[in-house]
Every structure is written in structure tokens, then in C-alpha cells.
Amino acid sequence: MAESLLQASRQRQVKAMTAAAGSASRAALPLLLCALLAFGGAYVLDDSDGLGREFDGIGAISGGGATSRLLINYPEPYRSQILDYLFKPNFGASLHILKVEIGGDGQTTDGTEPSHMHYALDENYFRGYEWWLMKEAKKRNSNITLMGLPWSFPGWLGKRFDWPYVNRHLTAYYIVSWIVGAKRYHDLDIDYIGIWNERSFDINYIKVLRRMLNYQGLERVKIIASDNLWEPISASMLLDAELMEVIDVIGAHYPGTHTVKDAQLTKKKLWSSEDFSTLNNAMGAGCWGRILNQNYVNGYMTSTIAWNVVASYYEQLPYGRSGLMTAQEPWSGHYVVEAPIWISAHTTQFTRPGWYYLKTVGHLEKGGSYVALTDGLGNLTIIIETMSHKHSKCIRPLLPYFNVSHQIATFVLQGSFSEILELQVWYTKLGKSSESFLFKQLDSLWLLDSSGSFTVELQEDELFTLTTLTTGSKGSYPPPPKSQPFPPIYTDDFNVEYPFFSEAPNFADQTGVFEYFMNTEDPGEHRFTLRQVLNQRPITWAADAASTISIIGDYKWSNMTITCDVYIETPGKGGVFIAGRVNKGGILIRSARGIFFWIFANGTYRVTGDLAGWLIYAVGQAEVTAQEWYTLTLTIKGHLSAGMLNGKLLWSEVPVNFPKNGWAAIGTHSFDFAQFDNFHVDATP
């Protein structure tokens, strides 16, 4: 029997050499048995002296903000396919953790996400799309870890201050209500809760939050803090025994694979609770591959969470295509399974939260790193990366120079792993498209005649997973539809009596919140509308504009005619606008330029070249008052623009020299209620 297995091993070696030479454009076999070319480093993988830290999983973030906005509008089967690539075990990224934004009505990078409590006496646990996304993730992986974190907060919590800790008990009640609502209305158990993303923490608030969670019977919900830097939270915990007790995980953002002494002294779990946020091309894949290993090797971080899970927002918004995959065209159904999906799979498909890292992990002699994890039941997964400095730079922080070169690395399995006879092999090569391979399964590696050792030939920008698990797979679907631009003619009458989602398709709120609305007292044409629902400025995370705005369309649009029915609800000071060629959004929304056509309840109109209203092109009187419906039309053609009110020309031949292109938009002058109906844009050339 042993002789036949040995012969099979040699046959597999020949097959693997042929496959590797043919498919990976390399003359030598990447995996060589028996250490025949054992120059270079030798690395022992051993559990005899115990294990390292417990592995908590690899995950990604939806939110911070509105990064999954367009995903919900995808038609089937494409939406389900995207979700499978993200969450389905042993198929694609197979994520262990989903972290979502607790919507707070404020701008949080690429848009706003609605709060479950816009106002003090308001509760609605069906707004937005994070509930839906968590349920879809849970449907595919019942063991997925769920996390919630606020970026912004509704304004009423601050009592006119831009600060969520004015009334700590009230803010804690607001957060606990979100957790309770997740369970009551969606049967979702939230596992971890954060404090305030990348902003100041309040020690007493954290303690109040823990007590309120316990009072509600939510002892199982763990607190992670402070989703910013390692300090000062680590030092604060060392100085405060109660704070040390109530915090379960220290989460840092973009740690550059390193931690600090104080964080390690707490003996708490250390996570990179937000990382990556890099363009999802080969460079981004290299970044992700490097930090997934080195966050533990250098910093003992047992979880790494990517911002963001899927780039499902208009690409010209800040940090476009910074998701693990791209799904930004619901109108066409087109999506792209980007390389970071398969980089994730090298770890996620062959580990589980609750496994343990070995103590024997580290750096390779000629650059790169290796980690090994076990379930303690005989299974072993080894992940080796050799990402070069040139091809693995993350967007932040600055990456110090290092060198990676060709090397032969020998790994020796000792302890309980010395009895392993076979390892499955998965391989990725990044770099030039003609040379790259993503998550390719090679022939398995037999260790019968090698005394528990094997040798790997390593080039730059490679990733190997060697594992006892046989469940890995590279899932696939038929190619999605081809990419298409946003339809140049687009209409929405918002006539949806029972909307599944609170927001209209393809509108991306940048300040304020625009939701489907039913006028119960209006049986006529405007019974179903889109309403701006905030009446005060939220506690901000980013630079929300003074005016609310929701964008839509193709950023390349230049000539366009926009028509929309509008309804100002606030007498005297209320105002609304429609706009074209809007050139900025996200955290840059305050400085957005474009052509903005405003009407006001005081009987005036205005044409401006920016959202802030500093660049005034035209002003005048208009027969406008509050609580009446009007039809606005804005036409932009070449270097000129014109506007109509109820089909009659109100202003014309206003020069437009900048910008040359941009989105269409609707909005209000301030945080006031207003309604919109029968939106139509014609941007045909």
C-alpha cells in the first residue's frame, strides 16, 4: 500500500510540474517534495508548545457610508449572484464577519444612511438596506458574525450640539434599540457593537452602554472600541479597571500591520476593525493579501475587516471601486468579481472563527510572510504570501520599503501535524494580466516520503494556501450582462404603495434622507412621492452640506433636461432645487459645483453655480408659495442653461462654463420637509 501511494505521489509531482509550467508560465514546479532544492529558509510549524491567539475571522463593512446603495436595485439573478460571491461558504470571499453602519442620517463618506429614529418619538426598523443585507448574509452563512457601528447620529440626540454624548443614557438607549430592533423585526443577533467611528470615545458612555445592554438581557453582545487608533483607548483601559472589564475587543483602523505595547498589555483581542479601502485592482489585491497575513504576524490582530464589502456606489464618488468586488450598475446587471474576492478566499475558505494561529508564524527570509492555523482537531491551513512593495501598497498608511525576491522555502510539520499525509494546494499569482492567476487549485501535495516536510518555490506577488481541508472551491456563474451607461432617458413617478426599500432606486442621498412617502390626504396625482424627511442637521461625521441633496445618473452627462414636480412644506423659509452637472459628492459634497435651479416659499427663485449658493447666476421673483405643487424644468445645453416654472420660461441664456459634466440632483435649501414627484431626465446627446 505504501509503495502504491509513493508511486502516486511521484506521478502527482510530474503532473503538477507540467501544470505549473504550462499554466503559470514558470519552468519550475512551485511545490517540490522532499526538500530537493532546500536553499533558503526553513520554517517549523509545530503545536507541541501550545497554540497562539484565537482567530476571529475575516470580514468587510457595508456602510461608512452608503457603499451598498446600488446593490439593492440589482435585478435577479444578478443580485443573488453578487451576494453568493461575498457570503456563500466555499464559493467566493466566504466572509466570516459583516460589519454594518448604524445609519445616523449623516454623510459618512459616499452618502447618507437613514436612522431607525429620525426624531425622538420615531422608530422604524425597515429603513435603508443594512437589515436586508445582514439577513442575506445570514441566509448564506448562519454562523456569520454581525457587527454594528455608528458613524453619525440623528440631530435630536445632540440637543443642538454636534456631540452624541450630551445625554449618555439617551444615546445608549438609541444604540440598544437598534440591537433590539434587529432581533425583534429581523431575527438578527448582533454580536459586536462599536462606539463612534474614528471619533472621540467617552469612557462613561461605554460603561453606560454596557450596563444598558445587560439590563436588556444582551450580555452576549460584546463591545469593541474605539474604531480609531490604538491610543488613547488602550492606555485608558490600563488605567481604569471597569473600562477594561466592559471592553471585549480593541479595534484599530489602518494600523499598518502593527500594534502598540499598551494594546498588547491589556491582553484583549486586537482587531484591525477597518482596513484596505484601496482600489480593487491588482495593487489592491496585493495590499489585501499582505495585510491578511501580516496583521497577525506583526501585530497579533486576530481579525481584519475590509472597507468595503462591495463597491456599489457611483464610481466618481470618493474612493470609487474600493470594495472587495464591484457592483455599480443595477440598470445593466453588470458586476465584476475582483481579485480581492479570491485573495480573501485563500484564508476564509480554509479557516473558521474559533480556530487558532500557531505560535510558529513569521516572515520569510527573502520577503513575505506565512501563517498557519488549526482547529485543534487535526486540520491545518498554511497561508504564504510574497507581495512585493511595488504591488501591495494600501491607500493608507505609508508603506515602508521592503524587498521580496525569489526563494525556496522549506516547511517542516511537527507535533500533531507530523502525521499529515496530504495537503490541498491553492495558488494565486498577481501582476501582469498575462501572468496572473487567481485562486487556482493545483494538484495536492503528498508528504509520504518527505518526513513531514515540503519545499515551496516562491516568486514575487504570489499567494499559496496549503490545507488539509478539501472543501474549497472557486465558485462561478455565467458572465453577467455587459457594462452599460446609465440610461440617458430616465423617469420615476415614485408610485410604489408598499416599497420593499425606503429609498427610490438609483438616487444616492448625499446630505439629508429622501424616502418614499404616501400623502394619505391626497387621493390625486401626488399621492405617492419622494420626501426629504430630516428637519434638523444630524450629529455629523463628515462635512454635510447646509442643503440636502440626492444625486442620480451618469457623471458623464453634459447636455440634459431635468423635470420634476416639487412641493415646499415649510412656509416662509422653505426652498427646493433641481440641478444638473453636479460634480462632487460624498465627503466633498459641500463644495459641489453644477447648475442649481432653486425656488423658495417667499416667492423668489435663484440660479447658482454651486450647492452652497455662493456663485449666483440669476435671481428674481416667481409665483411660488409653500404647500403647492410646481413643475420645475432645467435645460443645460453646451454653455447655456434655462429654467421653466409650470411650463413657462422663467430664466434663460444663463452662461455655464463649469463644470462640463456631472450628475442630476434634487434637494432642499435646508433641513426642511419637502416632496418630489414625476422626476424625469433626458440626457440624450
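Residues numbered from 1 in each chain as written. Predicted model: local features only at pLDDT ≥ 70, side-chain atom pairs only at ≥ 80, totals over all residues. Heavy atoms only, no water.

- Looking at an unreviewed UniProt entry, the protein carries the name Galactocerebrosidase, with the source organism given as Myotis myotis.
- Among the UniProt annotations of the protein, the heading Function (unreviewed entry) holds the following wording: "Hydrolyzes the galactose ester bonds of glycolipids such as galactosylceramide and galactosylsphingosine. Enzyme with very low activity responsible for the lysosomal catabolism of galactosylceramide, a major lipid in myelin, kidney and epithelial cells of small intestine and colon." (UniProt positions renumbered as here; feature names shortened; annotations may be inferred.)

## Details of the overall build of the protein
Alright, step 1. When its secondary structure is counted, the protein shows ten helices and 37 strands.
Alright, step 2. Relative to a compact globule of 685 residues, whose C-alpha radius of gyration would be 26 Å, the protein shows 28 Å and is just as compact.
Alright, step 3. Over its C-alpha atoms, taken along the principal directions, the protein stretches across nearly 95 × 60 × 45 Å.
Alright, step 4. For the protein, the proportion of its 685 residues judged to be buried stands at 61%.
Alright, step 5. Looking at the protein alone, contacts between residues at least 24 apart form 72% of all its contacts between residues at least 6 apart.
Alright, step 6. By element, 53% of the accessible surface of the protein is carried by carbon and sulfur atoms, the whole surface being about 25400 Å². (Helix = DSSP H or I, 4+ residues; strand = E, 2+ residues; numbered from the N terminus. Rg over C-alpha atoms; globule rule 2.2 N^0.38 Å. Buried < 20%, exposed > 50% of the residue type's maximum accessible area, 1.4 Å probe, protein only. Contact = heavy atoms within 4.5 Å. Areas by Shrake-Rupley, 256 points an atom, 1.4 Å probe, with all protein chains shown as cover.)

## Things to note about the pattern of salt bridges
Alright, step 1. Within the structure shown, the criterion is met by 21 salt bridges.
Alright, step 2. When the shortest N-O distance is used, the salt bridge between K269 and D56 registers 3.0 Å. A residue pair is termed long-range when its members are at least 10 positions apart, and K269 in strand 10 (residues 269–276) and D56 in the loop between strand 3 (51–54) and strand 4 (57–62) qualify at 213 residues.
Alright, step 3. The shortest N-O distance in the salt bridge between D191 and R220 comes to 2.7 Å. Note that D191 is positioned in the loop between helix 4 (168–186) and strand 7 (192–193) and R220 in the loop between helix 5 (203–215) and strand 8 (222–228), a separation of 29 residues in sequence.
Alright, step 4. The partly exposed category is assigned to R220, whose relative accessible area is 45%.
Alright, step 5. The network of salt bridges with common partners includes D84, E136, K139 and R140. (Salt bridge = Lys/Arg side-chain N within 4 Å of Asp/Glu carboxyl O.)

## Section: the environment of T455
Alright, step 1. In this structure, T455 sits in strand 21 (residues 453–458).
Alright, step 2. Polar side-chain contacts of T455 include one of 3.0 Å to the side chain of T410. (Polar contact = N/O pair within 3.5 Å; in protein donor to acceptor, adjacent residues only side chain to side chain.)

## Points about the state of the cysteines
Linking two cysteines covalently via their sulfur atoms produces the bond known as a disulfide.
Alright, step 1. The full count for this structure, using the stated rule, is one disulfide.
Alright, step 2. C287 shares a disulfide with C394; S-S distance 2.0 Å. Across the S-S bond linking C287 and C394, the dihedral sits near 100 degrees, which makes this disulfide right-handed. Of this pair, C287 sits in helix 9 (residues 282–299) while C394 sits in the loop between strand 17 (380–385) and strand 18 (407–413), placing them 107 residues apart in sequence. (Disulfide = S-S within 2.5 Å.)

## Regarding the sheet that holds strand 5 (residues 97–102)
The strands that make up a sheet are held in pairs by hydrogen bonds between backbone atoms, and each pair lies either parallel or antiparallel.
Alright, step 1. Pairing in this closed barrel of eight strands is parallel, and the strands run 4-5-6-7-8-9-10-11 around the ring.
Alright, step 2. Note: strand 4 against strand 11 (residues 303–307), five bridges, orientation parallel. Among the inter-strand pairings, A60 is bridged to a residue of strand 11, identified as A306.
Alright, step 3. With respect to the sheet, helix 3 (residues 130–140) is in contact with strand 4, strand 5 and strand 6 (145–150), its orientation differing from that of strand 5 by roughly 170 degrees.
Alright, step 4. Along the sheet face, helix 4 touches strand 5, strand 6 and strand 7 and points at about 130 degrees away from the line of strand 5. (Pairing = 2+ DSSP bridges. Axes fitted to C-alpha atoms, helices over the stretch in contact; angles between N-to-C directions.)

## Topic: a nonpolar patch on the surface
Alright, step 1. Taken together, the side chains of F161, W163 and V166 define a hydrophobic patch exposed on the protein surface, amounting to about 300 Å² of accessible area.
Alright, step 2. Looking at where V166 falls in the secondary structure, it is placed in the loop between strand 6 and helix 4. (Patch = residues over 30% accessible without salt bridge, like charges linked within 9 Å, V, L, I, M, F, W, Y side chains within 5 Å.)

## Observations regarding the sheet that holds strand 31 (residues 604–610)
Alright, step 1. Ordered by their spatial adjacency, seven strands build an open sheet running 24-27-36-29-30-31-32, and the pairing between neighbours is antiparallel. Across the chains shown, the open sheet's two edge strands, defined by having one partner strand only, are strand 24 (508–511) and strand 32 (616–621). Across this sheet, the average inter-strand angle for adjacent strands is 20 degrees, counted without regard to direction.
Alright, step 2. Bridge count for strand 27 (residues 548–552) against strand 36 (residues 663–668) is five bridges, and the pairing is antiparallel. The partner of I552 across the bridge, within strand 36, is A664.

## So, the domain arrangement of the protein
Alright, step 1. Along its sequence, the protein is carved into domain 1 (51–164 + 181–190 + 247–395 + 404–467) and domain 2 (489–684).
Alright, step 2. The gap between the C-alpha centroids of domain 1 and domain 2 is 38 Å.
Alright, step 3. Opposite the 40 residues of domain 1 that make contact, domain 2 presents 35 residues.
Alright, step 4. Across the domain 1/domain 2 interface, buried area totals approximately 2900 Å², and carbon plus sulfur atoms make up 57% of it.
Alright, step 5. Of all residues in domain 1, the largest losses of buried area upon contact with domain 2 belong to R69, Q107 and Y314, amounting jointly to 23% of the total for that side.
Alright, step 6. The interface formed by domain 1 and domain 2 holds two salt bridges in total. (Domains from an automatic or database assignment. Buried area = accessible area lost by both parts, 1.4 Å probe.)

## Some thoughts on the environment of A182
Alright, step 1. The residue A182 is located in helix 4 in this model.
Alright, step 2. Overall, A182 belongs to the buried group, its relative accessible area being 0%.
Alright, step 3. Apart from residues no more than four positions distant in its own chain, A182 is found in contact with W131, D187, L188 and I190.

## Digging into the nonpolar core
Alright, step 1. Judged by nonpolar contacts, the single largest core of 179 residues is most densely connected at F87, I193, I206, L209, I599 and F679.
Alright, step 2. Apart from residues lying up to four places away in sequence, I206 is in contact with I195, F201, I223, A225, I233, L243, V246 and I247.
Alright, step 3. With 25 residues, the next largest nonpolar core counts L45, I384, L445 and V456 among its residues. (Core = buried A, V, L, I, M, F, W, Y, C linked by side-chain atoms within 4.5 Å.)

## So, the packing of aromatic side chains
Given two aromatic rings, one states the distance between the centres and the angle between the planes to describe the pair.
Alright, step 1. Taken as a whole, this structure holds 49 aromatic pairs when the rule is applied.
Alright, step 2. Relative to W131, the ring of Y125 lies with its centre 6.0 Å away and its plane at 70 degrees, an arrangement referred to as edge-to-face. With respect to burial, Y125 and W131 carry one shared label: buried.
Alright, step 3. Judged by centre distance (4.7 Å) and plane angle (65 degrees), the rings of Y555 and W663 are edge-to-face. With Y555 in the loop between strand 27 and strand 28 (560–568) and W663 in strand 36, the pair connects residues that are 108 residues apart, well separated along the chain.
Alright, step 4. Members of the aromatic cluster, each reached through a chain of ring pairs, are Y85, F91, Y335, W342, F350, W426, F439 and Y477. (Phe/Tyr/Trp six-rings, centres within 6.5 Å; stacked < 30°, edge-to-face > 60°.)

## Overview of the UniProt feature "domain: Glycosyl hydrolase family 59 catalytic" (unreviewed entry) in the protein
Alright, step 1. As recorded in UniProt, the sites labelled "domain: Glycosyl hydrolase family 59 catalytic" (unreviewed entry) are residues 55–349.
Alright, step 2. Annotation note: span residues 55–349, helix share 34%, strand share 18%, distance between end C-alpha atoms 14 Å.

## Some points on unusual backbone geometry
Leaving glycine aside, a negative phi is the common case for residues, and trans is the common case for peptide bonds.
Alright, step 1. The omega torsion of the bond from G64 to G65 falls at -10 degrees, within 30 degrees of zero and hence cis.
Alright, step 2. Relative to the assigned elements, G65 resides in the loop between strand 4 and helix 2 (78–87).
Alright, step 3. P659 follows F658 through a cis peptide bond whose omega is -5 degrees.
Alright, step 4. Mapped onto the elements, P659 comes out in the loop between strand 35 (648–655) and strand 36.
Alright, step 5. A positive phi is found at Y254, a non-glycine position, where the angle reads about 50 degrees.
Alright, step 6. Relative to the assigned elements, Y254 resides in the loop between strand 9 (249–253) and helix 8 (261–265).
Alright, step 7. Look at Y254 and you get buried, because its relative accessible area is 11%.
Alright, step 8. If you check the backbone angles, F439 has positive phi at about 50 degrees while not being a glycine.
Alright, step 9. As for its placement among the helices and strands, F439 is situated in strand 20 (residues 437–446).

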